[in-house]
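Below, each chain spelled out in residue letters.
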Amino acid sequence: ARVAALEAAKCGINWTFAPMIDISRDARWGRIAESFGECVLLTSSLGAAMVRGFQGDSLAANGSIAACAKHFAGYGAVESGRDYATTNIPDTKLRNVYFRPFNAVSDAGVSTFMTSFSDLNGVPATGNSYILKDVLRGEWGFEGFVVSDWDSVRQLQIHGLTEDDRESAYMAATAGVDMEMAGDAYSNHLLNLVKLGEVSERRIDDAVLRILRLK
């Protein structure tokens, strides 16, 4: 990770979508090759080490780039190994297995988190305030910013959580997603949601502050 950071920084890259720390125990899942496998301890240790390698002692230093822990959370447990599918994980298993690597990288100072495409116990991760606000912010004290996975804000409709892009922007923003990757639900709808009082201006200020602080 340190060598990758040095090489990437020289090319002008300052943010990487790694480490991928989903616990992966179903060989049918295509992304298992990207993971550290099935062991919670190994994944936690290697994930934290990668964060230290990417970010170094200071993000302001030459050769340091921001890391992003993904995919929060439970993505590796999708049913039948099918990408984007549902996950049903009891809270004890969620906390003892799937949360632990993310808690470890949070403690290691990771700069950003990326939400999962999948849903978790019926609620898509990109619109899941329990994992993003209660756990990540409330319990772990994470102060960096949260980015959606590729177009996963608009894809809240595919999960059946929302009716349209406007509602998807509302659900993701109020759940705790600070930045939308690739899609345009935020850019098309957040301003009007704020004007109507459905999303608070304070919520936007908090998201912008986290992003600007990292920049």
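So, here is what we can say about the structure in this document. (Residues numbered from 1 in each chain as written. Predicted model: local features only at pLDDT ≥ 70, side-chain atom pairs only at ≥ 80, totals over all residues. Heavy atoms only, no water.)

Here we look at the sheet that holds strand S5 (residues 123-124)
1) Next: Across the sheet, three strands lie side by side as S2-S4-S5; this open sheet has mixed pairing. Both edges of this open sheet fall to strand S2 (86-87) and S5, since each of them pairs with a single strand only.
2) Next: Of the strand pairs in this sheet, strand S4 (residues 119-120) and S5 are connected by two bridges, and their pairing is antiparallel. Each bridged residue has a counterpart across the sheet, and for Leu120 the counterpart in S5 is Val123. (Pairing = 2+ DSSP bridges. Helix = DSSP H or I, 4+ residues; strand = E, 2+ residues; numbered from the N terminus.)

Considerations on the side chain of Arg137
1) Next: Looking at the element boundaries, Arg137 is found in helix H5 (residues 129-139).
2) Next: A residue is classified by how much of its surface remains accessible, and Arg137, at 16% relative accessible area, is buried.
3) Next: A polar atom in the side chain of Arg137 sits 2.6 Å from the backbone oxygen of Gly144. (Buried < 20%, exposed > 50% of the residue type's maximum accessible area, 1.4 Å probe, protein only. Polar contact = N/O pair within 3.5 Å; in protein donor to acceptor, adjacent residues only side chain to side chain.)

Examining the pattern of salt bridges
1) Next: By the definition in use, this model includes 12 salt bridges.
2) Next: Where Glu139 meets Arg95, a salt bridge forms, and the shortest distance between an N and an O atom there is 2.9 Å. With Glu139 in helix H5 and Arg95 in helix H3 (residues 91-98), this residue pair connects regions lying 44 residues apart in the sequence.
3) Next: What makes Glu139 partly exposed here is its relative accessible area of 44%.
4) Next: Owing to a relative accessible area of 30%, Arg95 belongs among the partly exposed residues under this scheme. (Salt bridge = Lys/Arg side-chain N within 4 Å of Asp/Glu carboxyl O.)

Thoughts on the sheet that holds strand S6 (residues 145-147)
1) Next: Strands sit in the order S1-S3-S6 across an open sheet of three strands; the sheet is parallel. Strands at the two margins of the open sheet, each flanked by one partner only, are strand S1 (68-72) and S6. Across the sheet, the mean angle from the axis of one strand to that of its neighbour is 25°, orientation sign disregarded.
2) Next: Contacts from helix H4 (residues 100-107) reach S1 and strand S3 (112-115) within the one sheet, and its direction differs from that of S1 by about 160°. (Axes fitted to C-alpha atoms, helices over the stretch in contact; angles between N-to-C directions. Contact = heavy atoms within 4.5 Å.)

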